Amino acid sequence: MSNPLSDMEHPNVIFAIGTNMTECHPVAATRLKKAIARGAKMIVADPRTTRMAKIADLHLPIRVGSDVALLLAMAHVIARDDLIDPDFINARTAGGEEFLKHVQQFPPEWAAPICEVDASLIEKAARWYGEGSPAAIFYTLGITEHICGVDNVQSLCNLALMTGNLGNIGGGINPMRGQNNIQGAGDCGAVPSNFPGFQACADPENAKKFSDAYGIAIDSEKGITKVTALNNAGKDGPDGIHAMLIDGENTVVSDPDKKHCEQALRSLDHLVVIDIFMTETAQMADIVLPATAFAETDGVQTNTERRVQRLRAAVKPPGEAKPDWWIISGIAKHMETPGFEFQSARDVFNELCSLSPIYNGLNWDRIENGEYQWPVPTSEHPGTPRLHEEEFKNGRGLFKVIGYRDPAEVIDSDFPVWLTTGRRLQAYHTRTQTGRSSGIDYLLDEESLEIHPDDANAWGIDDGDFVRMSSRRGTIEIKARLTDRSPRGTVFTSFSFASVPVNILTGSGYDPVTDTAELKVCPVAIEPISNT
Amino acid sequence: MIALKDKSSGTILGSVTIDDQLVEFHEGETIYQIAERSRRNIPTLCYDDRLEAFGACRVCVVEVEGIRNPVASCTTLASDGMVIRTKTDTIEKYRKTLLEMVASENRDLDINELAGYASQELGTLLDLYQARNGRFKGKQSGHSNQDDKNPFILRDYDNCISCYRCVRVCAEQEGDHAINVMNRGFETQITTEFGNDLRDSQCTFCGQCVQTCPTGALTDKKAIRAKDLDGEVHKTRSVCPYCGVGCAVDILTKGERVVGIQPAMDGPANEGALCIKGQYAFDFVHHPDRLTKPLIRQPDGSFREAEWEEALQAAADGFKKVRQKHGRHSVYGIASGRAPHEAAYTMQKFMRAGFGTNYIDNCSRS
């Protein structure tokens, strides 16, 4: 997030797009509710009538995957009605002129048939956002899990840049991170493009810094993504991946195109999985190593507002389970790799801080009370609750000229229904944890497919019937639940239940820049399963 | 004089005298807030500093010169020159009588601390003011709702004192309005719309009502299961393991067992709030399915348990063999978005220091 969580109580206008926050980040959503109670207006763009949509002042039930069209048309209205912030554009951005010219082509009347919402609603949303300063944008995977995920994010940046809603209290662009330490995994350099602290691998100076620190020549070009690695698994030739170390990820249930993923892992010569349970992924491993869990592990994690906080062990782990860092270091030492003589989580974290400019001012003792938000470049630095207050890290905020394109697959006569997937309040991801916690079943004991009652009627489906749902990649059977939460022509389910492996169906395409899968859009065909 | 440390948070309106001490205050401050700031420790029952002051319990009364009757300090705004006394004999007697009346319905109240964060507030005050003397005896109000079979929130309204903290936290903090007040006086009952079970209301089982209840009328059903376990309750400050909001929690343990979770009221991300997952989905930690030994796959496809030394060697040998056969770009690492920094950092170092490649990623692409 560019802004701290506490800023969520201060916008005049909230623009929440592709974020089911009351189910996926309920505690953050309470702050939005307080802002609304105080008088802030909320615009929600989401195909489904989620609780967020219900408490919004304006709901845009856009067709899945049409976000760029909506955002272009909003930019058009903001420019046309002179709601831009010329001082901000002049002082702090680049490419504004070209962008403002570009959006002239995209009036709401152009976007309306693509988004399947009235042009008047798009007009209204644009004017509210344009006039609402401070206006804050919130998004989650409904923006990123598309073949145009990067375009979506940059379109949101364009809106914030043209209205000067960056670096201000109650404004900003705020992605809500979905996992407790997914921000931290990036911070720590567990990405193919960056060393710890977002130091680009492709910069030879950084490659030299880490080659020196680690005592080995490290490639000065970025690595391949997980998606590519899985595609190359077992392949002959120089691109082939033949061994993997996977820590705490149930890849075969959470990733798109389940069959492809299983095949990839099966084709490896050597698979080592570190986890706390025998997940579907661990079952495919050659070696499974038991890790410590929440309440058993000392460590650090970073939240969605870049706040660096301590985890503390409260109980002993079961049996011989060990912290992940101990296990990984153990394998490294058995490979005679130097530099893994860590004695504690403190040692590891302090080494990270010494190599990461955004953590340079931190160490294990300083984060005791969790008051720092990175970047914290020096030990005198108070931390950075709000990014971009005075200037952008790379000088000027760049407008990006973006065009709309269709999802990787669109509905046709064979697959005439849009499927979109997501989460539910009571289940977390593949339920390895919530599924093993008592009481949760009382509220959610099975997965179902949300179908609009009018569609169900037309397709001959009753509430509670099992249906067969197919995409170009496979077929699953799932129980139908009739609800007007999903619009006509679009169905919804989560991927949380292994009994309903919806990711057999997904995987139609990937964003060309980030390799993020288009999990939010998948054309399907649905038919009732006859009882006879 | 006690000067305001933070001059920025509002116009300074003047000063008041609290128990002979001169204290500065700024616009909008109540007597209670000023008194708290100068450590006067005024007792309260219906007060939760995250909520709008309510003035229902009257336990926080103080004397203000020039005003005949005691005033509720939580709802009375300070004005310049006020002379306030927080602990006179009259005030203390008033408070005791109030508490004796509150205790008329539940003088045997004995609430385990596992019931909820604030669950012992009433019991503590009754003991402090020696108010369990049975001076008043009368009708019972409120009745326990044992029919609601939800596994998280016990609704024992026999202990309810109608402070409405649960109703207010649900409305003001959560914005859910799942519970409300029905009837008045002795007939007062906290209930859901149409008296339904919580499951059939707007309730999301975030647990906020449980944590703010000062009497244990609302009790954490999961935590209270451990009340007869041996040992003291120990609290360890940590962070919730679910989404990216990073809510600070206190892990409640007895010995080597996690028995419950309470939100950290001073957690910077959550300020006392949690959701159903953070509040109640903690017992996966002790689930019998947990992996406890390294496992190595045998030629017949089954796993056998191994010692760490053997398993680490086998893991390392496998990577060495693949590297030898296919080169250093044939090995890939996937870090977890669920494990702490130390896991992610060592994972990326494992690849970079071990193979000289950037063949490392995490689960954020799906």
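For every chain, the first residue of its written sequence is number 1, and the numbers climb from 1 along that sequence. Chain A is the first chain written and ligand 1 is the first ligand written, with later ones labelled in order. In view of the model being predicted, local features appear only for residues whose pLDDT reaches at least 70, and side-chain atom pairs are presented and counted only at 80 or more, with totals across whole chains, interfaces and linings using the full set of residues.

Once that is clear, we can look at the overall build of chain B. Helix and strand counts for chain B come out as nine helices and 16 strands. We compute the radius of gyration over the C-alpha atoms and compare it with the globule rule, which gives 2.2 Å times the number of residues raised to the power 0.38. Since a compact globule built from 366 residues should have a radius of gyration of about 21 Å, the 28 Å found for chain B marks it as more spread out than a globular shape. Overall, chain B is about 90 × 50 × 40 Å in size when its C-alpha atoms are taken along their principal axes. Neighbour counting defines burial: a residue surrounded by 20 or more other C-beta atoms within 10 Å of its own C-beta is buried, one with 12 or fewer is exposed, and intermediate counts give partly exposed, using backbone-placed C-beta atoms. A buried classification covers 51% of the 366 residues belonging to chain B. We call two residues in contact if the C-beta atoms placed from their backbones are at most 7 Å apart. Considering only contacts within chain B whose residues lie at least 6 apart along the sequence, 55% involve residues at least 24 apart. Helix and strand definitions here come from DSSP, where helices need a minimum of 4 consecutive H or I residues and strands a minimum of 2 consecutive E residues; each element is numbered from the N-terminal end.

So, on to the overall build of chain A. What chain A contains, in helices and strands, is 19 helices and 20 strands. At 24 Å, chain A has a C-alpha radius of gyration in line with the 24 Å of a compact globule built from 532 residues. In terms of principal-axis extent, the alpha carbons of chain A reach across some 70 × 65 × 50 Å. Here chain A holds 532 residues, and the buried ones make up 61% of them.

Note on sheets: strands pair through backbone hydrogen bonds, and any given pair is parallel or antiparallel. All names here are of chain A. An order of S3-S2-S1-S5-S6 is seen for the five strands of this open sheet, with the pairing classed as parallel. Strands at the two margins of the open sheet, each flanked by one partner only, are strand S3 (58–60) and strand S6 (173–175). Each strand axis lies, on average, 15 degrees off the axis of its neighbour in the sheet, ignoring direction. A pair of strands is considered paired only if DSSP assigns at least 2 bridges between the two. Relative to strand S2 (residues 41–45), strand S1 (residues 13–17) runs parallel, the two sharing five bridges. Paired with Ile-14 across the bridge in S2 is Met-42. Orientation is described by lines fitted to C-alpha atoms, with helices fitted over the stretch in contact, and by angles between N-to-C directions that extend from 0 to 180 degrees.

What follows concerns the domain arrangement of chain A. Residue ranges for the domains originate in an automatic or database domain assignment. Assigned domains of chain A: these are domain 1 (5–176), domain 2 (179–223 + 293–380), domain 3 (225–290) and domain 4 (417–528). Between the C-alpha centres of domain 1 of chain A and domain 2 of chain A there is a distance of 34 Å.

Residue and element names in this part refer to chain A. Of note, Asp-87 is situated in helix H5 (residues 86–92). Of the residues examined, Asp-87 has 9 C-beta atoms within 10 Å and is grouped as exposed. With 77 residues separating them in the primary sequence, Asp-87 and Gly-164 have C-alpha atoms 8.3 Å apart.

Once that is clear, we can look at the interface of chain A and chain B. Facing the 121 residues of chain A at the interface are 101 residues of chain B. Per-element tally for the side of chain A that touches chain B: the top contributor is helix H16 (residues 324–334) of chain A, with eight residues. Grouping the amino acids of the side of chain A that touches chain B by side-chain chemistry returns 63 nonpolar, 38 polar and 20 charged. Alignment of strand S9 (residues 243–247) of chain A against strand S15 (residues 331–335) of chain B, held across four bridges, turns out to be parallel. Counted as the bridge partner of A:Ala243 is B:Val331 from S15(B). Amino acid classes used here: Ala, Val, Leu, Ile, Met, Phe, Trp, Tyr, Cys and Pro are nonpolar; Asp, Glu, Lys and Arg are charged; the rest, including Gly, are polar.

Another point: the domain arrangement of chain B. If you check the domain split of chain B, you get domain 1 (7–87), domain 2 (107–225), domain 3 (229–290) and domain 4 (295–365). Domain 1 of chain B and domain 3 of chain B are separated by 34 Å when their C-alpha centres are compared.

We now examine the pairing of strand S10 (residues 270–275) of chain A. Residues and elements named next belong to chain A. Counting buried residues along S10, six of its six residues qualify, which places the element largely inside the surrounding structure. Here S10 shows no split at all, with His-270, Val-272 and Ile-274 on one side and Leu-271, Val-273 and Asp-275 on the other all buried. In this sheet, S10 lies alongside S9 in parallel orientation, the contact comprising five bridges. Along S10, the bridge assignment pairs Ala-243 with His-270.

Take the buried Ala, Val, Leu, Ile, Met, Phe, Trp, Tyr and Cys residues, join any whose C-beta atoms are within 7 Å, and the set you get is a nonpolar core. Counting 277 residues, the largest nonpolar core has A:Ile14, A:Ile43, A:Leu70, A:Leu72, A:Met74, A:Tyr129 and B:Cys247 as its most contacted members. Broken down by element, this core gets its largest block of residues, eleven residues, from helix H4 (residues 67–80) of chain A. Those residues in contact with A:Leu70 that lie beyond four places of it in its chain are A:Ala45, A:Leu60, A:Ile62, A:Ala111, A:Cys115 and A:Ile122. Among the nonpolar cores identified, the runner-up in size contains five residues, and A:Phe195, A:Ala207, A:Phe210 and A:Ile218 belong to it.

If you walk across this open sheet you meet the seven strands as S14(B)-S13(B)-S11(A)-S10(A)-S9(A)-S15(B)-S16(B), and the pairing is mixed. What marks the edges here is a single partner per strand, and that holds for strand S14 (303–305) and strand S16 (360–362) of chain B. Across the sheet, the mean angle from the axis of one strand to that of its neighbour is 15 degrees, orientation sign disregarded. Strands S9 of chain A together with S15 and S16 of chain B of the sheet are contacted by helix H9 (residues 341–355) of chain B, whose axis makes an angle of about 165 degrees with S15(B).

Residues and elements named next belong to chain A. The interhelical angle for the contact between H4 and helix H7 (residues 108–115), taken along N-to-C directions, is 160 degrees, at an axis separation of 9 Å. Classed by the angle they form, the pair H4 and H7 counts as roughly antiparallel. H7 is crossed by H4, and the crossing has left-handed handedness. Note on element contacts: H7 touches H4 through Pro-108, Trp-110, Ala-111, Ile-114 and Cys-115, opposite Ala-69, Leu-70, Leu-72, Ala-73 and Val-77. The residue makeup of the contact of H4 with H7, split by class, is ten nonpolar, no polar and no charged. Oblique is the label for any angle not covered by the other classes, which are roughly parallel (under 35 degrees), roughly antiparallel (over 145) and roughly perpendicular (65 to 115). Should the near helix be turned anticlockwise from the far one by less than a right angle, the crossing is termed left-handed; should it be turned clockwise, right-handed.

All names here are of chain A. Relative to the helices and strands, Val-253 resides in helix H14 (residues 251–254). Val-253 gets classed as buried once you count the C-beta atoms within 10 Å, which come to 22. Measuring from C-alpha to C-alpha, the distance between Val-253 and Ser-155 comes to 31 Å, with 98 residues separating the pair along the chain. Dropping the residues within four chain positions of it, Val-253 is found in contact with Glu-280, Thr-430, Phe-495, Ala-498, Pro-501 and Asn-503.

It is worth spelling out the pairing of strand S19 (residues 490–494) of chain A at this point. Residue and element names in this part refer to chain A. By the criterion of burial, S19 is predominantly enclosed, with five of the five residues buried. Neither face of S19 is open: one carries Thr-490, Phe-492 and Ser-494, the other Val-491 and Thr-493, and all of them are buried. Pairing geometry for strand S15 (residues 417–422) and S19, over five bridges, is parallel. Within S19, the residue paired with Thr-421 across the bridge is Thr-493.

Working note: non-glycine residues mostly have negative phi, and peptide bonds are mostly trans. Look at the link from A:Ser133 to A:Pro134: it is a cis peptide, with omega at 0 degrees. Inspection of the secondary structure assignment puts A:Pro134 in the loop between helix H8 (119–131) and strand S5 (135–139). With an omega of 0 degrees, the peptide bond between A:Trp374 and A:Pro375 qualifies as cis. Relative to the helices and strands, A:Pro375 resides in the loop between helix H17 (345–355) and strand S14 (397–398). Here B:Tyr164, not a glycine, exhibits a phi torsion of approximately 65 degrees, which is positive. On the secondary structure map, B:Tyr164 appears in the loop between strand S6 (153–155) and helix H4 (165–173). Positioned with a positive phi, B:Glu271 is a non-glycine residue whose angle comes to about 45 degrees. The residue B:Glu271 is located in the loop between strand S12 (257–263) and helix H7 (276–280) in this model.

So, about the packing of H16(A) against H9(B). One way to put it is that H16(A) packs onto H9(B) with a least axis distance of 8 Å and a crossing angle of 15 degrees. Classified by the angle their axes make, H16(A) and H9(B) are roughly parallel. Crossing of H16(A) against H9(B): the hand is left-handed. In this structure, H16(A) contributes A:Asp324, A:Trp325, A:Ile328, A:Ser329, A:Ile331 and A:Ala332 to the contact, and H9(B) contributes B:Glu342, B:Ala343, B:Thr346, B:Met347, B:Phe350 and B:Gly354. Here the contact of H16(A) with H9(B) is built from residues that sort into seven nonpolar, three polar and two charged.

For the rest of this paragraph, the subject is helix H15 (residues 258–266) of chain A. Residues and elements named next belong to chain A. Taken together, the buried positions of H15 are occupied by Lys-258, Cys-261, Ala-264 and Leu-265. End-on, the buried residues of H15 take up no more than an arc of 125 degrees, which puts them together on one face. In this fold, the buried residues of H15 make contact with helix H13 (226–231), H14 and S10. The directions from the helix axis to the C-beta atoms are what the arc is built from.

Mapped onto the elements of the fold, A:Glu98 is located in helix H6 (residues 96–102). Expressed as a C-alpha distance, the spacing of A:Glu98 and A:Val401, which sit 303 residues apart in the sequence, is 7.7 Å.

Turning to the confidence of the model for chain B, a few remarks are in order. pLDDT is a residue-level measure of predictor confidence that goes from 0 to 100. Scored by pLDDT, chain B has a mean of 93; 98% of the residues are at 70 or more. Predicted as a complex, the structure gets a pTM of 0.95 and an ipTM equal to 0.95.

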